[in-house]
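Summary of the model geometry
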Amino acid sequence: MLTIDNLTNEIDGKAILKGLSLSIKAGEIHAIMGPNGAGKSTLAYTLGGRPHYEVTGGTATFEGADLFEMEPHERAAAGLFLGFQYPVEIPGVSNLQFLRESLNSQRKARGEEPLSGGEFIKLAKEKAALLGLDMEMLKRPVNVGFSGGEKKRAEMVQMGILDPRLAILDETDSGLDIDALKIVGAGINAIMRRPDKAVLLITHYQRLLDYVKPDFVHVLAAGRIVKSGGPELALELEREGYAEVVAA
Ligand SMILES: Nc1ncnc2c1ncn2[C@@H]1O[C@H](COP(=O)(O)OP(=O)(O)OP(=O)(O)O)[C@@H](O)[C@H]1O
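Calculation notes
- Residues numbered from 1 in each chain as written.
- Predicted model: local features only at pLDDT ≥ 70, side-chain atom pairs only at ≥ 80, totals over all residues.
- Heavy atoms only, no water.
- Pairing = 2+ DSSP bridges.
- Helix = DSSP H or I, 4+ residues; strand = E, 2+ residues; numbered from the N terminus.
- Contact = heavy atoms within 4.5 Å.
- Axes fitted to C-alpha atoms, helices over the stretch in contact; angles between N-to-C directions.
- Near = heavy atom within 4 Å.
- Polar contact = N/O pair within 3.5 Å; in protein donor to acceptor, adjacent residues only side chain to side chain.
- Areas by Shrake-Rupley, 256 points an atom, 1.4 Å probe, with all protein chains shown as cover.
- UniProt positions renumbered as here; feature names shortened; annotations may be inferred.

The name that an unreviewed UniProt entry assigns to the chain is ABC transporter ATP-binding protein, with the source organism given as Sphingobium fuliginis.

Structural data, given as structure tokens:
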């Protein structure tokens, strides 16, 4: 589904990713862990197409297409979803408006009919219930005044509504309380644990991986993947830290 080969990039002239390669097949869940400042969010933003994240070398192929030839909205319409580490607030735009416009613009790009108001509300209610988010929250402006955990749940409601092929989730577990972590973990599984979908989960903690079981765990350090393994690698890192892996 996604093949990244020898990716290098720069932000404002500073090299961050330094030859990163990663391959994700449909049906797989990959976790990326790694020290602060290693380039995890940079990878997520670069794949999403954030401005100023300049690709200086390497390739990324998403469902057979050159990802870096696509505009961010084209990547989204093709089924790429990015869950932000710090979800942005959009004053003046209600969540429901935002989500309906997002979904219908993606449907239009794919040549599908827009959902009617009634159909959309039914879908939004179903996904809000799945993530334990009160529908009243969706009437409020996007993320404005939301707590850290509410923002993360709202992002997952958005993911449920957009129904992507590949979700890149950047520290979706940060800010979630113990119960919310379980609910969000179950939500990610319900939405994305399918043979035709895949997830790239960026996280600092093993605990999310108790709920969303990864098929592969990678360590990203100094701009490249330095170690890959199965779920046991996350447990090992939690016990022993990064020093040995990064030095190897
Ligand atoms: N606009 C920028 N200008 C210069 N350096 C930047 C810029 N944005 C990010 N960086 C640097 O890129 C490096 C990688 O940052 P990134 O956010 O990708 O790390 P991370 O692995 O996600 O870290 P964390 O675990 O702390 O979230 C950091 O050293 C950061 O300071």
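Now that the structure is up, let's keep going.
Remark on secondary structure: sheet strands pair via backbone hydrogen bonds, oriented parallel or antiparallel. The sheet built from four strands is open, its strands ordered E2-E1-E4-E5 with antiparallel pairing. Whereas interior strands pair on both sides, the edge strands pair on one side only; in this sheet they are strand E2 (14-24) and strand E5 (65-66). Where strand E4 (residues 53-62) lies against E5, two bridges are found, and the strand directions are antiparallel. Among the inter-strand pairings, Phe62 is bridged to a residue of E5, identified as Ala65. Lying over the sheet, helix H1 (residues 40-48) contacts strand E1 (2-11), E2 and E4, oriented at roughly 105 degrees with respect to E1.

Around the ligand, a shell composed of 15 residues is seen, among which Gly37, Lys40, Ser41, Thr42 and His204 lie nearest. Residue Asp12 places a side-chain N or O atom 3.5 Å away from a nitrogen atom belonging to the ligand. In the environment of the ligand, an oxygen atom lies 2.8 Å from a nitrogen or oxygen atom belonging to the side chain of Lys40. Coverage of the ligand by the protein chains reaches 67% of its 640 Å² of free accessible surface. For the shell around the ligand, the secondary structure elements donating two or more residues are E2 and H1.

Here we come to the UniProt feature "domain: ABC transporter" (unreviewed entry) in the chain. Under the UniProt annotation, the feature "domain: ABC transporter" (unreviewed entry) is placed at residues 2-247. Across residues 2-247, the secondary structure splits into 40% helix and 29% strand, with the terminal C-alpha atoms separated by 28 Å.

A word on the sheet that holds strand E6 (residues 80-83). On the basis of which strands lie adjacent, the open sheet formed by six strands has the order E6-E9-E10-E3-E11-E12 and mixed pairing. Both outer strands of the open sheet, E6 and strand E12 (224-229), are each paired with one neighbouring strand and no more. On average, each strand axis in the sheet is tilted by 20 degrees relative to the strand beside it, whichever way the strands run. Two elements, E6 and strand E9 (residues 166-170), share four bridges in a ladder whose sense is parallel.

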